[in-house]
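For reference, the chains in residue letters:
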Amino acid sequence: MPLVKGGRIATDAFVHVADDAELPGDGAVLISAARFLENPEAISRRLGKTGVIWPNNRDVDDLVPYLDRLAVVALVFPTFRDGRAYSQARLLRERYGFKGELRATGQVLRDQFLFMLRAGFDAFEVKKEADAEAFTNTAKRYSVFYQPTGDGRLTALHQRMQLRHSESAGQ
Amino acid sequence: MYAYDELDRTLINERVSEFRDQVKRRLSGELTEDEFKMLRLQNGVYLQLHAYMFRVAIPYGTLSSKQLRALAHVARRYDRGYGHFTTRQNIQYNWIKLAELPDALADLAEVGIHAMQTSGNNTRNVTSDQWAGVAPGEIEDPRIWSELLRQYTTLHPEFSFLPRKFKFAITASSHDRAAIKIHDIGLRLYRNAEGETGFEVLVGGGLGRTPFIAKTIKPFVPGRDLLSYVEAILRVYNQYGRRDNIYKARIKILVHELGIEKFAQEVEEEWLQIRDSALTLDSSVVEEVRSRFSYPVYEKLPHMPEELKKAAHDPLFERWRRNSVFPHKMPGYAIVTLSLKPVGGPPGDATAEQMDAIADLADKYSFGEIRVGHEQNLALPHVARRDLPVLWKALDKIGVATPNVNLVSDIIACPGLDYCSLANARSIPIAQELTRRFANHDTANLIGRLHINISGCINACGHHHVGHIGILGVEKNGEEFYQITIGGRADENAELGALIGPAVKYGEVADVIEDIVEAYLALRARPDELFVETVKRLGVEPFRERVYATR
């Protein structure tokens, strides 16, 4: 499953470690929320970065105290129809100021890329090779956005206000 | 009319090319039907019994003549020459070919029309009062806010994969023509004691398998906070709405299970976090959208022009006028409802020829504007009263002057088993038979205001729960049966109808309805006591007796 990061296909520096597998002494790992919350202190003391896979049916509030220790939060789309992780992503980015990698996992398809980018995701475990290759073009499909999110894209309403401002300034 | 600017146009063109690519990937097999299904649904494309069905949005029910001609063009070029206006200010085409859909969408985009989010588990077309901006006594034009909501809900990155579909309706009049109480979010625009304009926000209304009348979640939300408050509701719903069972996934179930107080508290907590954010609608932003709406320059005209006095001698004109012409906020003007309910016809259908002719008449007599109401009729919103006689003749000629608006044969019906893959029973032939039974205008007039609503299945697209008489098609051992309810209504006093007894067979429905109407005529206290009022006063029992005594 290709990982798209920074807009291109990248090698995944994080190793998925299953709950019943031993945690390596160093190196970047991606572990389940349950495993992380069992002993966040010990896990944070490890050498190597920590990423947590956060389920979409648990409030991100429970993760908030540990955000500054995490390099990656991976949110889950069990199917592309289940949109709970979009809300989780916006809360992590916009309310709790998470600056690390926000990774979309699960059934991640091309036609959701732009929604995910706008919600604050910056890494994508993409289901299909062809979708991963199409990432850059797909992300450019739209140039007009009606809603403000934390991604900084200017909304249509505010573009209009700016236009109006510059028009009246030029008169 | 709201005029699209370059940004609006760019966005829908981008949507068309995205969908063109999606269709291409489906046809090449790159997308599975499961993956494609959600994408096509988000563009209003259903797979029905015989073909793809294509649902196009008419935001808040306002159309220009140019747009109506484009709808006619799609009917003619890509379909079988007609379209069906729905209960949510959409138009549906029943025979579209998948490969041609991107072209149809591109043609519509040229006049600022789209099919975005007319189906799927997302925020649907924002509907409003079809008399918005022209109704006497309106607080202000609710379409400004409808348009702000249309933009806000279009391709929302957080709320495009909700647990289930989500519908908004707005009214700014004391008489609710937008049926806000049966919507996921209903908004009533009003001015509070301090003179500030804002919204009563209702939540959790809806029909279907588990019908609920919406409850007030917040009595007053200032206009500037509308979007942040709506976002708070949607965020709570997106996270906590049920996703384990499609029949329990609407927000009404969440509101019901949590209780309105608890739900309101969750929303309030979320709202306080985002209240002062980029979602705040400064007055300059609202004014920017308001400035994109254009209004007719009305003339100073007499209320009772010579033309009207003369025509008053023609009883056929008079019965149409009494029935189809409504007061306008400007003296000398009227709102004219065009009945899409001819005797023996399928409710809400219009042919391409009718649409073109109506567009021409709108240009001539209504400043180029047409409205679409949830009752599946059209309206010309700015007709000079002196033009009424000549307009009537023209409307009559094309078959949209049946004098039955709000009467027993002005039936609301879903497409039913004739088209729909979800249906259990036929709706259209039941409606057709009823319009024949009540074809006599004098009888219909004597009966007075009476809304019959028909749905071909429990999904309730025909809003049967809120019909004065509701007819619901069900299936029993492979046979079509119909449950009858009475006493429902969809206005500001919205109520769900009560079942009168066991379901009846297809062939018996029209007889049963006639029995109910006869019972009402015998039971009503005064000639002007409406059917719903009699049911309210007496309950279901006398009607039940009348219907089942001999069956």
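Residues numbered from 1 in each chain as written. Chains lettered and ligands numbered in written order. Predicted model: local features only at pLDDT ≥ 70, side-chain atom pairs only at ≥ 80, totals over all residues.

Draft legend 1. Representation of the overall build of chain A. A count of helices and strands for chain A gives seven helices and eight strands. Over its C-alpha atoms, taken along the principal directions, chain A stretches across nearly 70 × 35 × 30 Å. The buried share of chain A, reckoned over its 171 residues, is 38%. A fraction of 46% describes how many contacts in chain A between residues 6 or more apart in sequence connect residues 24 or more apart. (Helix = DSSP H or I, 4+ residues; strand = E, 2+ residues; numbered from the N terminus. Buried ≥ 20, exposed ≤ 12 C-beta atoms within 10 Å, placed from the backbone. Contact = placed C-beta atoms within 7 Å.)

Draft legend 2. Region of the structure containing the domain arrangement of chain A. Residues and elements named next belong to chain A. Partitioning chain A into structural domains gives domain 1 (3-140) and domain 2 (142-171). A straight line from the C-alpha centre of domain 1 to that of domain 2 covers 31 Å. Counting from both sides, the interface comprises eight residues of domain 1 and, opposite them, five residues of domain 2. Elements with a contribution of two residues or more to the side of domain 1 that touches domain 2: α3 (84-95) and α4 (113-119). Examining the composition of the side of domain 1 that touches domain 2, we find that four residues originate from one element, α4, more than from any other. Of the residues contributing to the side of domain 1 that touches domain 2, the split by class is three nonpolar, one polar and four charged. (Domains from an automatic or database assignment. Nonpolar A, V, L, I, M, F, W, Y, C, P; charged D, E, K, R; others polar.)

Draft legend 3. Summary view of the sheet that holds strand β3 (residues 62-64) of chain B. All names here are of chain B. The five strands lie next to each other as β3-β14-β15-β12-β11, forming an open sheet whose pairing is antiparallel. Because the sheet does not close on itself, it has two edges, and the strands there are β3 and β11 (325-327). The sheet shows a mean angle of 35 degrees between the axes of neighbouring strands, direction not considered. Here β11 runs beside strand β12 (residues 333-338); their pairing, made up of three bridges, is antiparallel. Within β12, the position partnered with Val325 by the bridge is Val336. Sitting on the sheet, helix α12 (residues 352-365) touches β12, β14 (369-372) and β15 (378-384), and the angle it makes with β15 is about 25 degrees. (Pairing = 2+ DSSP bridges. Axes fitted to C-alpha atoms, helices over the stretch in contact; angles between N-to-C directions.)

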